[in-house]
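What follows is each chain in one-letter form.
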Amino acid sequence: MVGFKKVPSKGILLAFFISVFLILLLYVDISTDESKPEEKVEVTENLENVIDDLITYKIHQVTTGENLSIIFEDFKVPLNTAYRIFRLDKKNLLTNIKPGDRMRFTYLGDKIISIEISKDNLNSLLIEIGDEINIKNITKDIELISSYKSGIIKSSFYEAAQDAEIPDSIIMDFAYIFGWDIDFVFDIREGDSFFVVYETPYSRGEKIENGDIVAAKFINKGKTYSANRFFTSKDKKEFFDNDGNNMQKAFLRAPLDFAYISSHFNPNRMHPVLHTIRAHNGVDYAAKRGSPVRTTGDGKVNYIGSRNGCGNEIVIQHSNDYSTRYCHLEKFKAGLKKGSKVIQGQTIGYVGSSGLATGPHLHYEFKIGDKRIDPVKVKLPSAEPISNELRPGFDTLVESNKLLMTKLESLRPNEAE
Ligand SMILES: [Zn+2]
């Protein structure tokens, strides 16, 4: 009621005038109120008709400790319907519900007509409820939507990629793919350009997962780098350049994520503990005690134990006569023993100060045959190139990717800026 609200908000001096208005307003209100009941009846009747035909949904996410009987009751599934559903579920599809599963209850008016239980992004169970009840497995149709993006760097790659409306996950993937050859902080120059084609899975207009890079190209300091996605086995996705060389190196540059070099490879170094000239045949990384140490390449544990100034030590034997050595570890990764297979990036131990060490750090060595090489400067070998067996399929893919890139390059959306 508008009139009543106005009274307290005005001063007493205005009371007289207001009471005049009030009477007027009340009159108006009453007169409109009088006309309302007729309208209401009309509206309600229409609404009821609509509601009878209205399809509505209720969403529920299964939480710990819930079971279907409880959920069905909460969502007004009639008891006899619930009974018929359970009796029909001969394959026990429904007993597998687990916390996190999403359920969608569909009603026609107030009558339940279906229940969908999403198991993951792609698979769900559909219970259709009519005169008969059906339970079926549904696999969503996936549509891959391709995106073509490009940009020219002004300050940072990240900024330019964001300007080109490339999603963060694709930006990260792009930097990872080319990150083996290009340092995205130090090597980037104004005018560098990038091109990327990625596909994103959609179902019923909804994004199912982050997109996946199909092909990409990066022109850095005038040099062109190309990457092509290729599945070398059903589950193994790898990126190769146009000649079939693996984009990935067989070794990570460093066995620690966030560490700085406290002592370089140096054949004539004064030893900090022994105080004699002794070659420093590796690199020391200062890092917090307990930081995870990763094997820089795939291989096999050749030595694990403690035998001299190296303290707790691991030696990994890689293919082609390469080996890497990790010293002064606080402890080893549980379960690791001589002969264990390790894959690149896997944690093998933790930074410590065992053996001859002034403080917690990792001493890391890189050996080819018997020769110890500076791990910071060594030209890292690439991971396995495309195999001869897969070569024909790969070459066809590269040809079509090249065409895509040429087309994308001719568009250059940001060139005018
Ligand atoms: Zn050292």
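Calculation notes
- Residues numbered from 1 in each chain as written.
- Predicted model: local features only at pLDDT ≥ 70, side-chain atom pairs only at ≥ 80, totals over all residues.
- Buried ≥ 20, exposed ≤ 12 C-beta atoms within 10 Å, placed from the backbone.
- Helix = DSSP H or I, 4+ residues; strand = E, 2+ residues; numbered from the N terminus.
- Pairing = 2+ DSSP bridges.
- Axes fitted to C-alpha atoms, helices over the stretch in contact; angles between N-to-C directions.
- Core = buried A, V, L, I, M, F, W, Y, C linked by C-beta atoms within 7 Å.
- Contact = placed C-beta atoms within 7 Å.
- pLDDT = per-residue confidence, 0-100.
- Expected span 1.5 Å × (residues − 1).

1. A short note on unusual backbone geometry
- Backbone geometry at K221 places phi at a positive 50°, although glycine is not the residue there.
- For K221, a count of 10 C-beta atoms within 10 Å translates into the label exposed.
- Here the phi dihedral of H328 falls at roughly 65°; this positive angle occurs in a residue that is not glycine.
- Along the chain, H328 falls in strand β19 (residues 322-332).
- Taking the number of C-beta atoms within 10 Å as the measure of exposure, H328 has 26 and is therefore buried.

2. Remarks on the sheet that holds strand β4 (residues 123-129)
- Taken together, the five strands give an open sheet; going across it, the order is β1-β2-β3-β4-β5, and neighbouring strands pair in antiparallel fashion. On the outer flanks of this sheet lie β1 (55-61) and β5 (133-139), each paired with one strand and no other. Direction aside, neighbouring strands of the sheet carry axes that sit 20° apart on average.
- In this structure, strand β2 (residues 102-108) lies alongside strand β3 (residues 111-118), joined through seven bridges in antiparallel fashion.

3. Concerning the nonpolar core
- F174, I177, V196, I213, A216 and A227 are the most contacted members of the largest nonpolar core, which has 26 residues in total.
- Those elements giving two or more residues to this core turn out to be α5 (157-163), α6 (168-178), β7 (193-203), β9 (212-220), β10 (223-233) and β11 (236-240).

4. Some remarks on the environment of K288
- Within the secondary structure, K288 is located in the loop between β15 (283-286) and β16 (292-294).
- By C-beta crowding, K288 is classed as exposed, having 11 other C-beta atoms within 10 Å.
- Along the sequence, K288 and P360 sit 72 residues apart, while their C-alpha atoms lie 6.7 Å from each other.
- Ignoring sequence-local partners within four residues, the contact set of K288 consists of V351 and P360.

5. Remarks on the environment of I343
- Within the element layout of this structure, I343 appears in the loop between β20 (341-342) and β21 (347-351).
- When the C-alpha positions of I343 and T295 are compared, they lie 7.2 Å apart, and in sequence the two are 48 residues distant.

6. Topic: the confidence of the model for the chain
- The predicted model of the chain has a mean per-residue pLDDT of 85, with 86% of residues at 70 or higher.
- By mean pLDDT, the top-scoring element of the chain is strand β18 (residues 312-317) (98), and the lowest-scoring one is helix α1 (residues 2-9) (38).
- Below pLDDT 50 for its whole length, residues 1-14 participates in ten contacts with residues either more than four positions away or in separate chains.

7. Considerations on the pairing of β5
- Counted residue by residue, β5 has zero buried out of seven residues, so it is predominantly exposed.
- Across seven bridges, β4 lies against β5 in antiparallel orientation. The residue bridging N123 from the neighbouring strand is T139, located in β5.
- Once β4 ends, the chain turns through three residues before running back antiparallel as β5.

8. A look at helix α7 (residues 391-411)
- The terminal C-alpha atoms of α7, which comprises 21 residues, lie 30 Å apart, in line with the 30 Å expected from a rise of 1.5 Å per residue.
- On its buried side, α7 packs onto β7, β9 and β10.

9. Quick notes on the environment of K207
- Tracing the backbone through its elements, the reader meets K207 in strand β8 (residues 206-207).
- When the 13 C-beta atoms within 10 Å are taken as the criterion, K207 is described as partly exposed.
- Separated by 64 residues in the primary sequence, K207 and E143 have C-alpha atoms spaced 9.5 Å apart.
- Not counting chain neighbours up to four residues away, the residues in contact with K207 comprise T200 and Y202.

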